[in-house]
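# Notes for the structure review
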Amino acid sequence: MGSTLLLKFRICFMSPQLTSTARFLCTRDIKPNLGGRQVDRKNSGQTRIANRTIRHGTGDVNTKKSSMLLQTSFPKFGFAAGTAKRTAELMKRKAPAVFEEEEQHEEEQKRMTGKCQPPERPLLPAEWKDLRESLGNQERFDIQMMNTLFRCGSELNIAKSLLTFVAMEKGTLSYELLLRYLTLCVKGGHDDEVFDIYKIMRGSFPSLDTGASSLFIKSFSRTARWREALEILKEIKQVLTPSPRNYGDIIAAAIHHKDATTAWALYDELIEKGLSPHQETWDALFTGVKEGEREKEMGAMTESVQHERLLGVLVYMRNNQLYPQQKVANTIKSWFESLNGQKWTAAWSTATPKGACGCCGSELESIQLSAEEYQKLKDRVMNDIIQGRDVFNKTTPEELESFKAFVKRKPAFDVVVDGLNVARINPDKTKQSETLLTVVLELERQAPNILVLGRKHMLRPSKSWDRRNMNLIQQKVHCFFTENISEDDPFLLYATLHSGNHCLFVSRDLMRDHKACLPDDVTRRLFFKWQRGHQLVMAGNVAAGRRVKFLSIPRFDTIVQTTGDTWHLPYDDTGDRSTYEVPQLWLCLTKKH
């Protein structure tokens, strides 16, 4: 729009402006060690069960059974990328009525949107007026129409004709309308038009909101005027912390214009502010300034310094359990292969069930926590989750102390089961106790000491809770039943961690709320690592008389890792991964001597 048209009009600013006494019920207070098994409660890495280890023992029959149950009974890991999406699709097939209703709602929304169809060509002011009247003289017609033009990807000249109509009719263009028009221009790559809008808004308004500033940064960073984006960034910093996208846009521009020094200075500032870089930022850094061009840049970083900085990016990914997307992994691969004087070979790989790289055979880091990590996590969980500020919203002091005493007088548990959570995997409420019993019987084949946590209402005979099934469960394993208002998870975490590093737990709960209670990112990552190495999740349906399958627990940690001569990077090849899942594919990099 040349700026001449808009400058003829006056532009106005429109601001977008329990108290019941707890009693516990427990069974099997005295349970002998079957077969003379001795339990070592010491937390030296992992608690040992003589002649038998739930996960990694070798050589005896019970161990082989355990291995089948906990490792190879199902091919997928519980936290594998895409599991949540596949589960949602399965639930959708099982409950079509709910999803049909959602789809009908979406169709209705589309029909509502369809009533405000954009024109296919620029309109004269009289034509825009007729269109507005045909739509019932909507109060915010200009804003809604500009949104529609943006959503439909309409031509720029159509949006310009709308601005002309509004300016001629009202004598003003509101800040909000200009902001919507700016969004359309930035998305469409109309950077020259953005320069005009920037000049107009700078001259008409005392300040810009962060939305407009971010759009200007994005557009300017794509052009030779990219350094002006640095000034806009400074203005944002006077009000609030810029977004990772703000930094990333300028970093990419600096790299493109061969100013590595500015790029890394901004990257350092981004990290110091506790922000997480976007994938595009990593991609730009690893694409880098080409050799030869760098030498022309006054004050540019040396190749060795950039090399160390980029390896630091990989260490940052490791420390923060972040994963490059496939495009970034490709860029990292190309960077390693292009290093002068170093012979790196790269390949796409997967991990074997035993925890080795399928390409080079290197052993990947264990999923098991070290003794030091385990103790640190145990202390933090005890302090921040089990004895945290809101713990007595979940239980009572008496109940918690009773449970602690109960656990203390028992041998270390091998498996702790969230009984109610497991029972509810069956949508048929009349079979909940049967479902729980089936799972308990499966676990009993493999583990000598099992604890089932439940609530007291499960002991009252009903359609859901058959007395015979519940009696049999109490005969087979240790049980502890909390008050009905109590939360199970703190008890489950306490029993599992108190029993030692060997102890597993069975639940479909992802524990995200509890992980969020932990005080820092390091401890939260430790919790997630421990969770992936200890949580058993059932695979598929549970039916009486049939074996229960569990998703495999990996032996290796899915994290960026290096030995110096090798790098292994798990990477995202799909958009289906939820935040609590981990990738399944790896980039293997090995150095030849």
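Residues numbered from 1 in each chain as written. Predicted model: local features only at pLDDT ≥ 70, side-chain atom pairs only at ≥ 80, totals over all residues. Heavy atoms only, no water.

The next point concerns the overall build of the protein. Helix and strand counts for the protein come out as 25 helices and ten strands. Across the 593 residues of the protein, 48% fall into the buried class. Taken as a whole, the protein presents about 29200 Å² of accessible surface, with 50% of it coming from carbon and sulfur. (Helix = DSSP H or I, 4+ residues; strand = E, 2+ residues; numbered from the N terminus. Buried < 20%, exposed > 50% of the residue type's maximum accessible area, 1.4 Å probe, protein only. Areas by Shrake-Rupley, 256 points an atom, 1.4 Å probe, with all protein chains shown as cover.)

Here the focus is the packing of aromatic side chains. Under the definition given, this model contains 20 aromatic pairs. Relative to Phe141, the ring of Trp128 has its centre 6.3 Å away and its plane inclined at 65°; by these criteria the two rings are edge-to-face. Of the two residues, Trp128 sits in helix 5 (residues 125–134) while Phe141 sits in helix 6 (residues 141–152), which places them 13 residues apart along the sequence. Each member of the pair, Trp128 as well as Phe141, carries the same accessibility label: buried. Here the aromatic residues Phe403, Phe406, Phe480, Phe491 and Tyr494 are joined through ring pairs into a cluster of three or more. (Phe/Tyr/Trp six-rings, centres within 6.5 Å; stacked < 30°, edge-to-face > 60°.)

Bringing the packing of helix 14 (residues 279–287) against helix 16 (residues 303–319) into the picture now. The N-to-C vectors of helix 14 and helix 16 enclose an angle of 155°; their axes lie 10 Å apart at closest approach. Considered as vectors, helix 14 and helix 16 are oriented roughly antiparallel to each other. Judged by the twist between their axes, the crossing of helix 14 over helix 16 is left-handed. Contacts between helix 14 and helix 16 involve Trp282, Leu285 and Phe286 on the former and, on the latter, Leu310, Val313, Leu314, Tyr316 and Met317. Each residue belonging to the contact of helix 14 with helix 16 can be placed in one class, and the counts come to eight nonpolar, no polar and no charged. (Axes fitted to C-alpha atoms, helices over the stretch in contact; angles between N-to-C directions. Parallel < 35°, antiparallel > 145°, perpendicular 65-115°, else oblique. Left-handed = near helix turned anticlockwise from the far one by under 90°. Contact = heavy atoms within 4.5 Å. Nonpolar A, V, L, I, M, F, W, Y, C, P; charged D, E, K, R; others polar.)

What follows concerns the state of the cysteines. Enumeration according to the criterion identifies zero disulfides in this entry. Cys588 provides the cysteine sulfur closest to Cys360, a residue in no disulfide bond, and the two sulfurs are 3.7 Å apart. (Disulfide = S-S within 2.5 Å.)

On to helix 13 (residues 260–272), then. Between the first and last C-alpha of helix 13 there are 18 Å, a value that for 13 residues agrees with the 18 Å anticipated at 1.5 Å per step. In the core, the buried residues of helix 13 are packed alongside helix 11 (227–237), helix 12 (244–256), helix 14 and helix 16. (Expected span 1.5 Å × (residues − 1).)

Taken in spatial order, the four strands of this open sheet run 2-10-9-8, and their pairing is antiparallel. The two strands at the open ends of the sheet, each matched to only one other strand, are strand 2 (343–350) and strand 8 (561–562). Examined bridge by bridge, strand 2 and strand 10 (residues 585–592) share eight bridges and lie antiparallel to one another. Looking at the pairing, Ser349 lines up with Trp586 of strand 10. Lying on the sheet, helix 17 (residues 326–338) is in contact with strand 2, strand 9 (566–571) and strand 10; it crosses strand 2 at an angle near 155°. (Pairing = 2+ DSSP bridges.)

A few words on the nonpolar core. By size, the foremost hydrophobic cluster in this structure holds 80 residues, and its most contacted members are Phe216 and Phe336. Ranked by residue count, the leading element in this core is helix 8 (residues 175–188), at nine residues. Look past the residues within four positions of Phe216 in its chain and what remains in contact with it is Leu182, Val194, Ile197, Tyr198, Met201, Leu208 and Ile232. Among the nonpolar cores identified, the runner-up in size contains 29 residues, and Tyr374, Val381, Ile386 and Phe480 belong to it. (Core = buried A, V, L, I, M, F, W, Y, C linked by side-chain atoms within 4.5 Å.)

Moving on, we come to the pattern of salt bridges. Side chains that differ in charge, positive against negative, can pair when their charged atoms come close. Counting across every chain of the model gives 30 salt bridges. Residue Arg309 is joined to Asp268 by a salt bridge in which the shortest nitrogen-to-oxygen separation is 2.3 Å. Taken together, the residues Arg309 in helix 16 and Asp268 in helix 13 connect sequence positions 41 residues apart. The class of Arg309 is partly exposed, set by a relative accessible area of 23%. On the basis of relative accessibility, which here comes to 27%, the residue Asp268 falls in the partly exposed class. A salt bridge links Asp557 to Arg532, with the nearest nitrogen and oxygen atoms 3.0 Å apart. Placement of the pair is Asp557 in the loop between strand 7 (535–536) and strand 8 and Arg532 in helix 25 (residues 521–534), with a sequence separation of 25 residues. One salt-bridge network, held together by shared partners, links Glu373, Lys529, Arg532 and Asp557. (Salt bridge = Lys/Arg side-chain N within 4 Å of Asp/Glu carboxyl O.)

In this section: helix 10 (residues 210–220). Regarding helix 10, the residues found buried are Ala212, Ser213, Leu215, Phe216, Ile217, Ser219 and Phe220. Contacts made by the buried residues of helix 10 are with helix 8, helix 9 (191–204), helix 11 and helix 12.

Now for the side chain of Thr435. Relative to the assigned elements, Thr435 resides in helix 21 (residues 432–444). According to the relative accessible area criterion, Thr435 is buried, its value standing at 2%. In this view, Thr435 contacts Val422, Ala423, Ile425, Asn426 and Val542; residues no more than four positions away in its chain are not counted.

The subject of this paragraph is the side chain of Asp489. The topology assignment puts Asp489 in helix 23 (residues 489–499). Here Asp489 occupies a buried position and makes no salt bridge, while the nearest side chain of opposite charge, Arg455, is found at 7.2 Å. A polar contact of 2.9 Å, which involves the side chain of Asp489, links it to the side chain of His514. Those residues in contact with Asp489, other than ones at most four positions away along the chain, are Asp418, Asp509, Met511 and His514. (Lys, Arg positive; Asp, Glu negative; His and termini not counted. Polar contact = N/O pair within 3.5 Å; in protein donor to acceptor, adjacent residues only side chain to side chain.)

Looking now at unusual backbone geometry. Non-glycine residue Lys258 carries a positive phi angle of around 65°. Tracing the backbone shows Lys258 in the loop between helix 12 and helix 13. Taking the relative accessible area as the measure of exposure, Lys258 reaches 31% and is therefore partly exposed. At Met511, a position not held by glycine, the phi torsion is positive, near 60°. On the basis of relative accessible area, Met511 is assigned to the buried category, the value being 0%.

The two faces of the sheet receive side chains in turn, since in a regular strand these alternate between them. Within strand 4 (residues 450–455), six of the six residues are buried, leaving the element largely enclosed by the surrounding structure. Burial along strand 4 is two-sided: Ile450, Val452 and Gly454 and Leu451, Leu453 and Arg455, pointing in opposite directions, are all buried. Sheet analysis places strand 3 (residues 415–418) next to strand 4, joined by four bridges and oriented parallel. By the bridge assignment for strand 4, Asp418 is matched with Leu453. Pairing of strand 4 with strand 5 (residues 478–482) involves five bridges; the strand directions are parallel. Across the sheet, Leu451 pairs through a bridge with His478, a residue of strand 5.

The subject of this paragraph is the environment of Leu551. With respect to the helices and strands, the residue Leu551 is situated in the loop between strand 7 and strand 8. Between the alpha carbons of Leu551 and Met538 there is a distance of 6.0 Å; along the sequence they are 13 residues apart.

Confidence in the prediction for the protein averages 82 pLDDT; 78% of positions are at 70 or higher. For the protein, per-element mean pLDDT is lowest for helix 2 (residues 61–72), which scores 38, and highest for strand 9, which scores 98. Counted against residues more than four places away or in other chains, residues 108–114, with its pLDDT under 50, gives one contact. Across residues 291–299 the pLDDT falls below 50, and counting only partners more than four positions away or on other chains, this stretch makes eleven contacts in the model. (pLDDT = per-residue confidence, 0-100.)

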